Every structure is written in structure tokens, then in C-alpha cells.
Amino acid sequence: MNFPYAEPYRIKTIENIKRSTIEQRQQWIKEAHYNLFNLKSDQVFIDLLTDSGTGSMSDNQWAEIMKGDESYAGSRSFELLKETVRRITGYKYMIPTHQGRAAENVLFSTLIKEGDIVPGNSHFDTTKGHIEFRKAKAIDCTIDEASDTSVFHPFKGNIDLNKLEKVFKTYPKEKIPMVIITVTCNTAGGQPVSMKNIKETSDLCKKYDIPLFFDAARFAENAYFIKKREDAYHNKTIKEIVKEMFSYGDGMTMSAKKDGLVNIGGFIALNSEDYFRRATVFTIMFEGFITYGGMSGRDMGALAVGLDEATEFDYLESRVQQVHSLGRKIMSAGVPVQQPIGGHAIYLDANKFVPTIPREQFRAQSLAIELYIIGGIRGVEIGTILADRDPETRENRYPELELVRLAIPRRTYTDNHMNYVAAVLEHIYSTRHEAKTGYEIIYEPPIMRHFTVKLRKI
């Protein structure tokens with residue numbers, strides 16, 4: 001029988017959220033210099049800025065919080081996390097960090113130097129930031145289908161092997177310290193990477209003797225899509241798919257605030273003892289001792305439980321179905337989005353939503369601001385502001401896609417909240433032609449400007 005899906009959990013604790021008026025929100029966003037990151041959480045009704053660290057933990061995770069061993073070195077909580085990571089990923093060595101960008105900082109300090117080339121599939125903002133901070137260059141090798149939001153491709157996060165091999169043939173091997181596969185590919189719209197593509201990318205990297213690493217923040221959601229969309233994996237468990245997926249790489253960085261189901265934390269997992277020993281130098285320098293690395297014992301315990309919970313099919317089915325349900329509602333009203341819907345977010349296509357706003361006036365940011373003013377909903381721009389300036393010319397980089405990401409926190413909002421979001425979006429879409437002008441920058445930092453940029457309305 002085909003009944004509607006139901007969440008495989010019950011709610012034990014609630015958090016009150018505050019309502020506000022359009023007039024209040026107009027004033028608040030002006031005071032925030034039209035940067036949604038500058039808003040206070042109490043000024044937001046539905047917060048879809050990110051799914052990073054914003055989810056709800058389970059009773060078993062909270063139990064581990066109480067059992068946390070806070071020993072500086074060799075705690076029980078560290079051993080629990082280490083064995084859980086080894087069991088789920090297959091990697092021999094694990095280094096905890098306080099979050100994903102810290103894992104990138106440690107690993108990239110170990111492997112990337114000035115002048116290097118790092119190809120991958122639409123590098124995440126912090127990934128690209130860490131690469132460019134080291135005066136290296138990130139090269140996007142994502143398949144072309146990812147740039148057309150109307151094209152339905154089951155694995156838009158895939159790497160184009162011809163593009164990747166062109167990079168291998170253009171640059172000397174010693175200039176390419178790694179290839180990065182982001183699963184799922186956030187910047188391309190939360191799009192998954194197929195097991196077939198992961199294996200083929202791995203084979204190509206081995207042919208040229210170049211290490212392959214995963215940016216694995218949403219690895220469980222990627223495994224879910226492999227199970228649903230690749231015939232050979234329909235009867236595999238999520239944990240079996242995850243183990244095979246990681247077997248094709250040399251290591252991973254992890255922001256545990258996503259598919260680790262915790263509010264803070266991350267780690268690096270590796271097979272190479274040499275990489276591990278070299279990385280521990282930077283761990284001690286930047287994070288902490290190698291058996292806590294910026295995390296408390298209680299948080300490592302909660303993460304160990306979260307990794308097990310996140311790699312269960314029932315949880316993933318509920319999580320992804322909530323995102324897809326919102327996507328179907330707004331698509332039925334004509335709202336343009338990246339298709340197919342990804343695993344953690346809805347990505348509004350601002351190029352089609354508000355083409356009347358010039359690109360140099362940041363149309364995706366304009367749309368995100370309007371969504372906040374009208375409905376109190378906070379999303380985030382994945383467009384020209386996030387793409388930042390070219391590190392050499394200092395000109396704005398205009399990506400092919402101008403997106404507004406609405407990231408759904410895990411196990412946090414009800415379907416009624418999603419219905420509210422859909423109604424607000426439908427209203428804004430019906431009045432989209434009234435939008436003529438956008439914003440200009442009055443302050444920006446030299447790198448990763450989207451977090452602290454200040455704007456004014458034109």
C-alpha cells in the first residue's frame with residue numbers, strides 16, 4: 001500500500017520562535033546592511049540560512065552528551081568516535097576538528113602549496129577560500145548539465161572526466177596535490193554524485209597517480225540518492241553504499257554539522273599513515289591535541305551516535321522527502337528551481353525568477369532579501385557575491401547560476417512550516433516583475449566576502 005511518508009521519530013522538546021511584521025523586517029535588514037548573516041536569530045521566523053549545525057539531536061545523542069569523557073588525551077569519547085568513523089567509512093586514521101573548514105585548514109596546510117591546482121566538482125565556498133588563501137587555484141570540472149536548472153539529470157554533481165583529464169594533461173603532476181569530490185555537491189544545487197562517476201574518477205586519478213579526497217559533509221544523503229537512482233544499489237543498505245563510496249578515495253574532510261547530526265564538530269579521515277602524521281602537526285598547532293582536535297568529549301560522543309543514525313534509510317527517506325515535498329509545491333506554482341531537487345535544500349533560480357534585476361546588482365541577493373522582508377524567511381545567496389572576486393584581476397566573478405539556497409535543518413521544522421515557505425514564495429513569484437533594481441557593495445573583505453559584506457539598496 002502506498003501511504004504518505006511519516007517521520008520516524010516523535011518530538012520531545014520544542015523551541016518557541018518569534019513572529020514579526022514586514023515593517024520591522026524592513027528596518028532590521030537595513031540595519032544589517034542587507035546582509036542576511038547579520039540578522040539576529042530572533043528577527044527570523046523560518047531560518048533556512050543553512051543546514052549546518054541547525055538540526056535536532058536524538059535522545060541517544062543527548063545521552064552521549066551526559067556520558068562524555070573530557071580527558072585531554074585518549075578519552076573514551078574519542079575512541080568511540082574513531083571506531084565509528086573506521087566502521088562506517090573504512091578509513092584507518094581519524095583526526096577530530098571543531099568543524100569542516102577546520103578539517104580543510106589542517107588537510108590543505110599539509111598538502112597544498114602556492115601555485116597548486118585543485119580540480120573538483122563546484123568547490124564549496126570554504127574549500128575554494130582555503131585553496132585561494134594559499135595562492136592555489138580551484139578548477140571546476142562539474143558536468144555541463146549542472147548549469148541548466150531545467151535539465152533533469154539524476155547526478156548533476158558528477159565530475160566531467162574529459163574536463164578532469166584535460167587538467168591532468170595541462171599541468172604537471174606535482175602541481176596537482178589532490179582532486180576533491182564534494183558529496184552531495186552543494187554549490188551545484190545539493191546535487192548527488194553517482195557511484196559510477198566516483199569509481200571512474202578514482203580510476204582516472206590512479207592512472208595519473210593523483211590522490212582523491214571527498215568533501216563529505218552530506219555523504220549520507222549522497223548514498224541515499226545512489227540507492228534510489230542507480231539500479232545496482234537498490235538492494236544495498238546505506239552503510240554498504242557509504243563504505244564502497246569511500247573505498248575509492250584516499251581520505252575525506254567532514255563537516256559533522258550536516259550528516260553527523262550534531263551542532264558542532266568535524267574530522268579528517270585518511271588511509272595514509274604519512275598523511276596522518278603530517279596532518280597531526282597542524283592539528284596540534286591549529287585545533288588541539290590529536291585525540292580531541294577542537295571538540296569536547298561529549299560532542300565526539302554525540303557525533304558517533306549521529307553518524308550511525310544518519311546512515312539509516314528510514315531517517316534519510318524522511319529527511320529527503322520533506323525537502324522534495326517543498327520543492328514539488330513551489331514547482332507546481334511555476335517557481336523556477338534547480339532540478340531535480342537535491343537532498344538538503346531548495347535552490348531558487350534567480351536568473352529566471354528576477355531577470356529584471358541586472359546581474360551586477362546581485363539579483364540572487366535581492367531575491368533572498370525580498371523573501372526575508374515578505375515572509376521572515378532567511379535563505380542564502382549562492383551567486384555573484386559568494387563567487388567573490390577573481391584573486392588576480394579583482395573583478396567580480398559571475399557564475400552561470402545565480403541561486404538562493406533554502407537549506408532545511410534536519411528533524412527541526414514541520415511540514416506546516418514548509419507549507420508557509422511555499423505560500424510566501426508563490427506570492428513573491430506572482431509579483432516578481434515589480435523588481436527592477438538591486439544592491440551595491442559598500443564594504444567587502446578580501447576573501448569569502450559573503451559572510452561580512454555590507455550593501456545598500458539602489
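Residues numbered from 1 in each chain as written. Predicted model: local features only at pLDDT ≥ 70, side-chain atom pairs only at ≥ 80, totals over all residues. Heavy atoms only, no water.

J.: Which residues make up the overall build of the chain, and what values do they have?
T.: Regarding its fold elements, the chain presents 16 helices and 14 strands. In terms of C-alpha radius of gyration, the chain reaches 21 Å, essentially the compact-globule figure of 23 Å for 458 residues. Expressed along its principal axes, the backbone C-alpha trace of the chain runs to roughly 60 × 55 × 45 Å. Per-residue burial for the chain yields a buried fraction of 57% across its 458 residues. Taking the intrachain contacts of the chain between residues at least 6 apart in sequence as the baseline, contacts between residues at least 24 apart amount to 73%. Summed over its atoms, the accessible surface of the chain is roughly 19,400 Å², and 51% of this surface lies on carbon and sulfur atoms. Looking at the chain, you have 60 positive and 60 negative side-chain charges, and the mean spots of the two groups are 1 Å apart. (Helix = DSSP H or I, 4+ residues; strand = E, 2+ residues; numbered from the N terminus. Rg over C-alpha atoms; globule rule 2.2 N^0.38 Å. Buried < 20%, exposed > 50% of the residue type's maximum accessible area, 1.4 Å probe, protein only. Contact = heavy atoms within 4.5 Å. Areas by Shrake-Rupley, 256 points an atom, 1.4 Å probe, with all protein chains shown as cover. Lys, Arg positive; Asp, Glu negative; His and termini not counted. Charge placed at Lys NZ, Arg CZ, Asp CG, Glu CD.)

J.: Summarise the sheet that holds strand β11 (residues 380–382); cite the residues concerned and give the values.
T.: The strand order across the open sheet formed by 3 strands is β9-β12-β11, and the pairing between neighbours is antiparallel. Every interior strand has two partners, whereas the edge strands, β9 (345–349) and β11, have only one. Adjacent strand axes in the sheet meet at a mean angle of 35° when their direction is disregarded. Of the strand pairs in this sheet, β9 and strand β12 (residues 403–407) are connected by 5 bridges, and their pairing is antiparallel. Across the sheet, the residue bridging to L348 is V404, located in β12. Strands in contact with helix α14 (residues 363–375) are β9, β11 and β12; relative to β12, the strand with the most contacts, it is inclined by about 40°. (Pairing = 2+ DSSP bridges. Axes fitted to C-alpha atoms, helices over the stretch in contact; angles between N-to-C directions.)

J.: Quick rundown of the environment of R410? Include the residues and the values.
T.: Among the structural elements, R410 can be located in the loop between β12 and α16 (415–430). Of the residues examined, R410 reaches a relative accessible area of 1% and is grouped as buried. The contact partners of R410, leaving out residues within four places of it in the chain, are D51, G55, S56, R218, E221, K257, K258, D259, L261, Y315, R319 and H344.

J.: Run through the pairing of strand β6 (residues 212–215), naming residues and quoting values.
T.: Here β6 shows a buried face lined by L212 and F214 and a second buried face lined by F213 and D215. With 4 bridges connecting them, strand β5 (residues 179–182) and β6 associate as parallel partners. When the bridges of β6 are listed, T182 appears paired with D215. Regarding topology, helix α7 (residues 195–208) serves as the crossover connection from β5 to the parallel β6, and that connection is right-handed. Bridge analysis of β6 against strand β7 (residues 251–255) gives 3 bridges, and the strand direction is parallel. The residue bridging F213 from the neighbouring strand is G251, located in β7. (Right-handed = clockwise from strand over helix to strand, strands pointing away.)

J.: Please give an account of the environment of D140 that cites residues and values.
T.: Relative to the helices and strands, D140 resides in strand β4 (residues 137–140). Given the relative accessible area of 44%, D140 is considered partly exposed. What D140 contacts, discounting residues up to four positions off in sequence, is G120, N121, S122 and H123. A distance of 2.9 Å separates the side chain of D140 from the backbone nitrogen of S122, its partner in a polar contact. (Polar contact = N/O pair within 3.5 Å; in protein donor to acceptor, adjacent residues only side chain to side chain.)

J.: If you had to explain the pattern of salt bridges to someone new, which residues and values would you point to?
T.: Overall, the coordinates contain 33 salt bridges when judged by the stated rule. In this structure, the salt-bridge partner of K12 is D59, at a minimum N-O distance of 3.9 Å. Of this pair, K12 sits in the segment before α1 (22–31) while D59 sits in helix α2 (residues 59–67), placing them 47 residues apart in sequence. In this structure, R298 engages E70 in a salt bridge whose closest nitrogen and oxygen atoms are separated by 3.4 Å. A residue pair is termed long-range when its members are at least 10 positions apart, and R298 in helix α11 (residues 297–310) and E70 in the loop between α2 and α3 (76–89) qualify at 228 residues. Exposure remark for R298: the relative accessible area of 38% places this residue in the partly exposed category. (Salt bridge = Lys/Arg side-chain N within 4 Å of Asp/Glu carboxyl O.)

In short, shape yes, function no, at least from these values alone.
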